[in-house]
Every structure is written in structure tokens, then in C-alpha cells.
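# Tertiary structure, described
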Amino acid sequence: MLSPLKTLHDYIHEHQLWQKTIVLKRGDYLHMADDLDDNIYYVVGGTLQSFVLVNDEEQIIRFGYEGDFFTAIDCFISGQPTILYAQAIRKCTLKMIRKSDYIEHIAEQPDLSSLWQNIMSWMIIGQLEREIDLLTNDPAERYRRVLERSPRLFQEIPAKYIANYLRMTAETLSRIRRS
């Protein structure tokens, strides 16, 4: 059985709904805070980070890998400018579809609407798990929880970004990984 993300990608691809391809070099921004970017992106290759600035420090909240859909979810849902930054960690190739075109197709296709509900539910559960991670005081426990849930993170993301995501120093992460 195909995953919901693969099914969604295949539908958009088969119906030629992608409006453009974007290539980002390492360090390039897909969007910045205060941008109005409610487009949906599909990561063809590369890796992105999504972060907020807290007291002028980057706090990573999400990563996007090859095969993922990526959006400024706050902007997508509210229609208001995003508070998020999205930046390429590695060179990225992205396909883009406008929210308005996507929503139009969802309204016409009950199966696609159901699929979108499944994806949104998965995203909400993921956010709840992330909140629990952040409330966990023990760095080793935060590491264990994320490793169990997202082993791919540790295969594709450099340690300094993982440490930021886990809210610990790179040294603490290194010590936990060795133990």
C-alpha cells in the first residue's frame, strides 16, 4: 500500500499540477518570517530546515527531506504571513503547487480530500509528539524519543542541526550518542 504522501505526490504529478521547480543552494531561503507563502512544496532532493527566531537565536522546529511535502503551515492554514524561516541545509530541488490550485482539486476529488485529512492528522500528531519532546527535561530521553520516531533524521541531518532541534549543545548530543 502506498503512503499518503506518495499517493498525494503521484496524484499531483499525474495531473500535471506542479507549477514550477525551484532549486536552492545550501543556505538559500525558501521563505522568511513575515513572508506570505502558502504554497505547497515537494522535496525532490536535498534537505531543508524550518526555524523560528527566539531571542535572536534560531530554534529548529522541523526538517524536510527528499520525498516530503513542505509548507509554511501557519501561513497555509491562516492566510497570514508566516513566523517561520525555511532554509536549505543542502542543495534542494523542490516542486511547487499553489494552495489555491491544490484546494480547488481537493474540493473536486473526495478521495483526495480524505487523503489530505489523513496527512493533516499525521502532521498534528507529529506536532503533539514534538511538544512532548520539548517538555522532556532529560536530554537523553529527548534523543531516544526522536531516534525512535525519526531515525532518518540521524542519517541525513548534520549533528549541529540535530542538537539545535533537540535543544541541547553539540557536545551533549555527542556524549549521548557515544553512551
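Residues numbered from 1 in each chain as written. Predicted model: local features only at pLDDT ≥ 70, side-chain atom pairs only at ≥ 80, totals over all residues. Heavy atoms only, no water.

### Describing the layout of surface pockets
Think of a ball as big as a water molecule: rolled over the atoms, this probe shows where empty space is left. Estimated volume of the largest pocket: approximately 840 Å³. Taken together, 27 residues line the largest pocket, and the ones lying closest to its centre are Arg62, Phe63, Asp68, Trp122 and Gly126. Take the lining of the largest pocket: its biggest share by element is eight residues, from helix H4 (residues 110-135). (1 Å grid on protein atoms, 1.4 Å probe; cavity = no way out; pocket = protein on both sides within 12 Å on 5 of 7 lines; lining within 4 Å. Points joined across faces, edges and corners; volume = space filled by probe spheres on them. Helix = DSSP H or I, 4+ residues; strand = E, 2+ residues; numbered from the N terminus.)

### A word on helix H3 (residues 99-108)
Note: α-helices contain 3.6 residues per turn, so residues at a spacing of three or four share the same orientation. For H3, every residue scored as buried is listed here: Lys99, Tyr102, His105 and Ile106. In a view along the axis of H3, the buried residues occupy a sector of 130 degrees, so they form one face of it. Buried-residue contacts for H3 involve helix H1 (4-14), strand S3 (40-45), helix H2 (73-78), strand S8 (92-97) and H4. (Buried < 20%, exposed > 50% of the residue type's maximum accessible area, 1.4 Å probe, protein only. Arc of directions from axis to C-beta. Contact = heavy atoms within 4.5 Å.)

### Re the sheet that holds strand S4 (residues 48-54)
In spatial order, the strands read S2-S7-S4-S5; together these four strands make up an open sheet with antiparallel pairing. Only two strands of the sheet have a single partner each, and these edge strands are strand S2 (29-31) and strand S5 (57-64). Each strand axis lies, on average, 35 degrees off the axis of its neighbour in the sheet, ignoring direction. Looking at chain direction, S4 and strand S7 (residues 85-88) are connected through four bridges and run antiparallel. The residue bridging Phe51 from the neighbouring strand is Tyr85, located in S7. (Pairing = 2+ DSSP bridges. Axes fitted to C-alpha atoms, helices over the stretch in contact; angles between N-to-C directions.)

### Some thoughts on unusual backbone geometry
Unlike most non-glycine residues, Gln16 shows phi in positive territory, near 50 degrees. As for its position among the elements, Gln16 is in the loop between H1 and strand S1 (20-24). One non-glycine residue, Asn55, lies in the positive phi region at around 50 degrees. With respect to the secondary-structure elements, Asn55 resides in the loop between S4 and S5.

### Notes on the pattern of salt bridges
Applying the stated criterion across every chain yields a total of nine salt bridges. A salt bridge links Asp10 to Lys6; its shortest N-O distance comes to 2.9 Å. You can see Asp10 and its partner Lys6 sitting in helix H1, four residues apart, about one turn around the helix. The class of Asp10 is buried, set by a relative accessible area of 17%. Lys6 gets classed as partly exposed once you look at its relative accessible area, which sits at 38%. When salt bridges with common partners are traced through the structure, they connect Glu129, Asp133, Arg145 and Arg149 into a single cluster. (Salt bridge = Lys/Arg side-chain N within 4 Å of Asp/Glu carboxyl O.)

### What to know about the pairing of S8
Where S1 meets S8, five bridges bridge the pair, whose relative direction is antiparallel. In the sheet register, Ile22 faces S8, and the bridge partner there is Leu94.

### Comments concerning the packing of H1 against H4
Taken N-terminus to C-terminus, the directions of H1 and H4 make an angle of 140 degrees; their axes are 10 Å apart at the nearest point. Judged by the angle between their axes, H1 and H4 are oblique. Every pair of crossing elements has a handedness; the one defined by H1 and H4 is left-handed. On H4, the residues touching Pro4, Leu5, Thr7, Leu8 and Tyr11 of H1 are Leu112, Leu115, Trp116, Ile119 and Trp122. When the residues that make up the contact of H1 with H4 are grouped by side-chain class, the tally is nine nonpolar, one polar and no charged. (Parallel < 35°, antiparallel > 145°, perpendicular 65-115°, else oblique. Left-handed = near helix turned anticlockwise from the far one by under 90°. Nonpolar A, V, L, I, M, F, W, Y, C, P; charged D, E, K, R; others polar.)

Functional significance is not addressed by these values, which are geometric in nature.
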